[in-house]
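This is what each chain is made of:
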Amino acid sequence: DGGITQSPKYLFRKEGQNVTLSCEQNLNHDAMYWYRQDPGQGLRLIYYSQIVNDFQKGDIAEGYSVSREKKESFPLTVTSAQKNPTAFYLCASKGGFATDTQYFGPGTRLTVL
Amino acid sequence: AQTVTQSQPEMSVQEAETVTLSCTYDTSESDYYLFWYKQPPSRQMILVIRQEAYKQQNATENRFSVNFQKAAKSFSLKISDSQLGDAAMYFCAYHILTGGGNKLTFGTGTQLKVEL
């Protein structure tokens, strides 16, 4: 089946540790995105990548890092510098520049203990 | 700043009735797309309907339709014949076509409850 997978579904980490969230897509989409969702708020963009080996900061990039070494993969690392990392993280992808619709993965719930 | 406003944090509708969710947005761009996404308890974001800003005709998708008023920067979602499965958080969003990094800007959502 074509789609976007995120793993794990639930993730727990101790304060001060880095953690990496996985996002894989087999839709052959060029662009990929990471969003953060907090209670009572809409989604906020963390990082995005329009092409392999290139990515840009979104609105709330501080404390996060990404890589885009392969077209199908866009992992997000939540570093210890992120002040309040407990949140729901959603990955999305979109076809080429001329297309408009983003499709989302099932999300990862990160809890910092 | 480009923003999306959903002024109704919660809405309720009786099964089989019609409900309208409101959304206003603010952008200086002329070319953009508008979207409604649904987020059920599973938290998977599901595309409900999309509208190109250059089209005057309102988009429809089965029981879902929009009322797009470009001058007023309004984009409401109408759900007809509401079903229990429609209960979810609904997010309005837009995506500009020039610059902006192809990113979606979201509203804060409207929680829709469907009652028997």
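Here the structure is shown first, and the text comes after it.
Bear in mind the structure is a predicted one, so any value in this text is a computation, not a measurement. All residue numbers refer to position in the chain's written sequence, counted from 1. The order in which chains are written sets their letters, starting at A; the order in which ligands are written sets their numbers, starting at 1. The predicted nature of this model means local features are confined to residues of pLDDT at least 70 and side-chain atom pairs, given and counted, to a pLDDT of 80 or more, with totals for whole chains, interfaces and linings taken over all residues. Only hydrogens and water are set aside; all other atoms, that is, all heavy atoms of the structure, feed into the side-chain values.

A. Representation of unusual backbone geometry in the model. Omega for the bond connecting serine 7 of chain A with proline 8 of chain A falls within 30 degrees of zero, at -10 degrees, which places this linkage in the cis form. The helix and strand labels rest on DSSP assignments: H or I over at least four residues marks a helix, E over at least two residues marks a strand, and numbering proceeds from the N terminus. Mapped onto the elements, proline 8 of chain A comes out in the loop between strand S1 (4-7) and strand S2 (10-13). Unusually for a residue other than glycine, lysine 73 of chain B sits at a positive phi of about 55 degrees.

B. The sheet that holds strand S8 (residues 76-78) of chain A, seen in detail. Residue and element names in this part refer to chain A. DSSP bridges decide pairing: two strands pair if at least two such bridges lie between them. Read from one edge of the open sheet, four strands run S1-S3-S8-S7, paired in antiparallel fashion. On the outer flanks of this sheet lie S1 and strand S7 (64-66), each paired with one strand and no other. On average, adjacent strands in this sheet sit at an angle of 20 degrees to one another, irrespective of strand direction. Across three bridges, strand S3 (residues 19-25) lies against S8 in antiparallel orientation. Residue pairing for S8: valine 19 is matched across the bridge by valine 78. Under this scheme, a helix contributes an axis fitted over its contacting stretch, all axes are lines through C-alpha atoms, and angles between N-to-C directions fall in the 0 to 180 degree range.

C. The state of the cysteines, seen in detail. All names here are of chain A. In plain terms, two cysteine sulfur atoms within 2.5 Å form what is called a disulfide here. Tallying each qualifying case throughout the model produces two disulfides over all chains. Across the disulfide, cysteine 23 is cross-linked to cysteine 91 (sulfur-sulfur distance 1.8 Å). Measuring the twist about the S-S bond at about -75 degrees, one finds the cysteine 23-cysteine 91 disulfide to be left-handed. Of the two residues, cysteine 23 sits in strand S3 while cysteine 91 sits in strand S9 (residues 87-94), which places them 68 residues apart along the sequence. A simple rule labels every residue: compare its accessible area, found with a 1.4 Å probe on the protein chains alone, to the largest value its type can have, and call it buried under 20%, exposed over 50%, or partly exposed in between. On the basis of relative accessible area, cysteine 23 is assigned to the buried category, the value being 0%. Classification of cysteine 91 by relative accessible area gives buried; the value is 0%.

D. Representation of the interface of chain B and chain A within the structure. Taken together, the contact between chain B and chain A spans 20 residues of the former and 24 residues of the latter. Surface buried jointly by chain B and chain A totals about 1,800 Å² across both partners, of which 51% is contributed by carbon and sulfur atoms. Polar contacts, as counted here, are pairs of nitrogen or oxygen atoms within 3.5 Å of one another; within protein the pair requires one atom able to donate a hydrogen and one able to accept it, and residues that are adjacent in sequence qualify only if both atoms are side-chain atoms. Here chain B and chain A share seven residue pairs in polar contact (both at pLDDT 80 or more) between them. When residues of the side of chain B that touches chain A are traced back to their parent elements, those giving at least two are strand S5 (32-39), strand S6 (46-52), strand S10 (88-96) and strand S11 (104-106) of chain B. When residues in the side of chain B that touches chain A are grouped by element, the largest group, four residues, is from S5 of chain B. Any pair of residues with heavy atoms lying within 4.5 Å of one another is described as a contacting pair. Put simply, buried area is the surface a 1.4 Å probe can reach on two separate parts but cannot reach once they are joined, added for both.

Function cannot be inferred from these measures alone, as they are strictly geometric.
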